[in-house]
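A look at the structure
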Amino acid sequence: MKEDVPARSDRLPLLGAAAGVAMAAALFMTFFVAREAGAAMGGQLQRIFYVHVPSAWVGYLAFAIVFISSIAYLRTGARRWDLLAHSAAEIGVLFITIVLITGPIWAHPVWGTWWQWDARLTSALLMWLTYVGYLFLRNLSTDPARAGRLAAVVGIVGFVNVPIVHFSVQWWRTLHPSGPTLADPTEASGFAASETITFLVALVAFTLLFAWMLALRTRVGRMRDEVDSLEIAEQTRPRVPVAT
Amino acid sequence: MNVGWLVVAMGAAALCIGGYVALLLFRMRRIQSNLSELRDRIPPT
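Residues numbered from 1 in each chain as written. Chains lettered and ligands numbered in written order. Predicted model: local features only at pLDDT ≥ 70, side-chain atom pairs only at ≥ 80, totals over all residues. Heavy atoms only, no water.

1. Points about the overall build of chain B
Note the following rule: Helix numbering and strand numbering both begin at the N terminus, where a helix is a DSSP run of H or I of at least 4 residues and a strand a DSSP run of E of at least 2. Partly exposed residues are those whose accessible area sits between 20% and 50% of the maximum for their type, while under 20% is buried and over 50% is exposed, using a 1.4 Å probe and protein chains only.
Helix and strand counts for chain B stand at one helix and zero strands. Along the first, second and third principal axes, the C-alpha set of chain B runs to 65 × 10 × 5 Å. Residues counted as buried form 36% of the 45 residues belonging to chain B.

Right, dumping it as structure tokens:
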């Protein structure tokens, strides 16, 4: 039992190293392999795309994990699902924050405005607020099981918005570019092979980074749980009088 | 001008990720020392 936490984390440094190498490759390709976009797409500023879109993908992935883990937690009541959902939500919020910072920086010179209340931007902001609310909700109740159940409901209901965010550019008229799709990765965006490969490397790098961060965050959570249970054990332990 | 904003955007992203990871590692180190202290105090059952 004592070796439980470190043994599980043996692969963590390896995953971290893989994520680091992939991120370095993605960054290099973003600046030196992908060609500069036309002025209409922001020129050099369009390189934000290689951080903005993979961050959005990681956000979707994180919230999908929250959704699945929340269902599993409500069905089984197992703490590990609650911890996984909590960890994924925290990291998802972080990456959607990056999306909401980098997007307006690109939009300002290209659209002539930082923000537009169109379907994509509004639904993305709503998604971010939902999961920020989810994280706040967890701290509202002093009973962790009750907080977990409440948060799980929000994690399930909140996920309804995720496909709306993704498909909003197809369902409604928005200023936001639709970008490459799996079915058509190059045609609609005007991407050549160098941009497509850079984009795919960035996607893999961000996914690896997310996997490492999630493993690290859940490990911290497990250790925190162990500290809590040891503290309870210490408080309830019968005291042996010390002979002087 | 655009390159300046590109640096700002990339820097903000790096700060978000780096800051969060640094916070996690700091928390892990603190909990780890807390954990070994508790394990030393409480004999295994």
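From this point, things continue past the structure.
2. Describing the interface of chain B and chain A
Test applied: Contact criterion: two residues are considered in contact whenever any of their non-hydrogen atoms come within 4.5 Å of each other. Put simply, buried area is the surface a 1.4 Å probe can reach on two separate parts but cannot reach once they are joined, added for both. Salt bridge, as used here: a side-chain nitrogen of Lys or Arg that lies within 4 Å of a carboxyl oxygen of Asp or Glu. The term polar contact refers here to a pair of N or O atoms within 3.5 Å; inside protein, the definition further demands a hydrogen-donor-capable atom paired with an acceptor-capable atom, and it admits residues adjacent in sequence only when both atoms are side-chain atoms. Following the grouping adopted for this structure description, the nonpolar residues are Ala, Val, Leu, Ile, Met, Phe, Trp, Tyr, Cys and Pro, the charged ones are Asp, Glu, Lys and Arg, and the polar ones are all others, Gly among them.
Taken together, the contact between chain B and chain A spans 26 residues of the former and 36 residues of the latter. Between chain B and chain A the total buried area reaches about 3100 Å² when both faces are included, carbon and sulfur atoms providing 78% of it. At the boundary of chain B and chain A, one finds one salt bridge. Between R39(B) and E226(A) there is a salt bridge, with its nearest N and O atoms 2.8 Å apart. Applying the counting rule to chain B against chain A returns three residue pairs in polar contact (both at pLDDT 80 or more). Per-class residue counts for the side of chain B that touches chain A are 20 nonpolar, three polar and three charged.

3. Digging into helix 4 (residues 79–111) of chain A
Note the threshold: How far a helix is expected to stretch is found by multiplying one less than its residue total by 1.5 Å.
The terminal C-alpha atoms of helix 4 of chain A, which comprises 33 residues, lie 46 Å apart, in line with the 48 Å expected from a rise of 1.5 Å per residue. With respect to burial, helix 4 of chain A is a largely interior element, 24 of its 33 residues being buried.

4. Some remarks on the packing of aromatic side chains
Residue and element names in this part refer to chain A. Cut-off, in case you're wondering: Centres within 6.5 Å are what make two rings of Phe, Tyr or Trp a pair, Trp counting through its six-membered ring; a difference in plane orientation under 30 degrees is then read as stacked, over 60 as edge-to-face, and the rest as tilted.
Scanning the model with the defined rule gives 12 aromatic pairs over all chains in all. Arranged with centres 5.2 Å apart and planes meeting at 90°, the rings of F49 and Y50 form a pair that is edge-to-face. Judged by its relative accessible area of 16%, F49 falls in the buried class. Taken together, the ring pairs in this structure connect F49, Y50 and F199 into an aromatic cluster.

Function cannot be inferred from these measures alone, as they are strictly geometric.
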